[in-house]
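Inside the fold
Here's the letter readout for the chains.
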Amino acid sequence: RQFSSFVLLVGTVGSATLFEPKAALVVRNRDDVELPLLLETVPAPKVFRDAIRSMSPEQQRFCRAYRSMQLEGTLFGVVCIELKPQL
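Read on for an overview of the structure. What you are looking at is a predicted structure, and each value in this text was computed from that prediction instead of being measured.

Inspection of every chain in the model, using the stated rule, returns 2 salt bridges. Lys46 serves as the salt-bridge partner of Asp50, at 3.0 Å between the closest nitrogen and oxygen. Within this pair, Asp50 and its partner Lys46 are both found in helix α1 (residues 45-52), separated by 4 residues, close to a single helical turn. Of the residues examined, Asp50 reaches a relative accessible area of 35% and is grouped as partly exposed.

Our focus in this paragraph is the sheet that holds strand β2 (residues 18-28). The 3 strands are arranged β2-β1-β3 in an open sheet whose pairing can be described as antiparallel. In this open sheet, the two strands that pair with only one neighbour each are β2 and β3 (76-83). Each strand of the sheet is rotated relative to its neighbour by a mean of 25°, with strand direction disregarded. Note: strand β1 (residues 5-15) against β3, 8 bridges, orientation antiparallel. When the sheet's bridge partners are listed, Leu8 is paired in β3 with Cys80.

Cut-off values and rules
- Position numbers for residues count from 1 along each chain, tracking the sequence in the order it is written.
- For this predicted model, a pLDDT threshold of at least 70 governs which residues receive local features, and a threshold of 80 or more governs which side-chain atom pairs are given and counted, while totals over whole chains, interfaces and linings are taken from all residues.
- Here the side-chain values reflect all heavy atoms present in the structure, with hydrogen atoms and water set aside.
- Salt bridges are defined by distance alone: a side-chain nitrogen of Lys or Arg within 4 Å of a carboxyl oxygen of Asp or Glu.
- Secondary structure elements follow DSSP: runs of H or I of four or more residues count as helices, runs of E of two or more count as strands, with numbering from the N terminus.
- Using a 1.4 Å probe on the protein chains alone, a residue whose accessible area is under 20% of its type maximum counts as buried, one over 50% counts as exposed, and one in between counts as partly exposed.
- Strands qualify as paired when DSSP identifies two bridges or more between them.
- Every angle, taken between N-to-C directions, lies between 0 and 180 degrees, and every axis is a line fitted to C-alpha atoms, over only the stretch in contact when it is a helix.

Quick look at the structure:
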């Protein structure tokens, strides 16, 4: 089985060359991550709480950080970095 792991970061974009990460999530092998806030209207607080209720605490923190950046109205970004083992 092939090793596959990624770090998913959300943060603010300070300039054309500056990304300031606010939260991170490690995605391993066959983990499936779906952000309930894709490119839709920001859900109401109760809808958001219900959507993340079944997630792990780490995933909930990541989603809360993502949502707070959406609500801030600042430019934010999502970055995916592949991790490769150094054997």
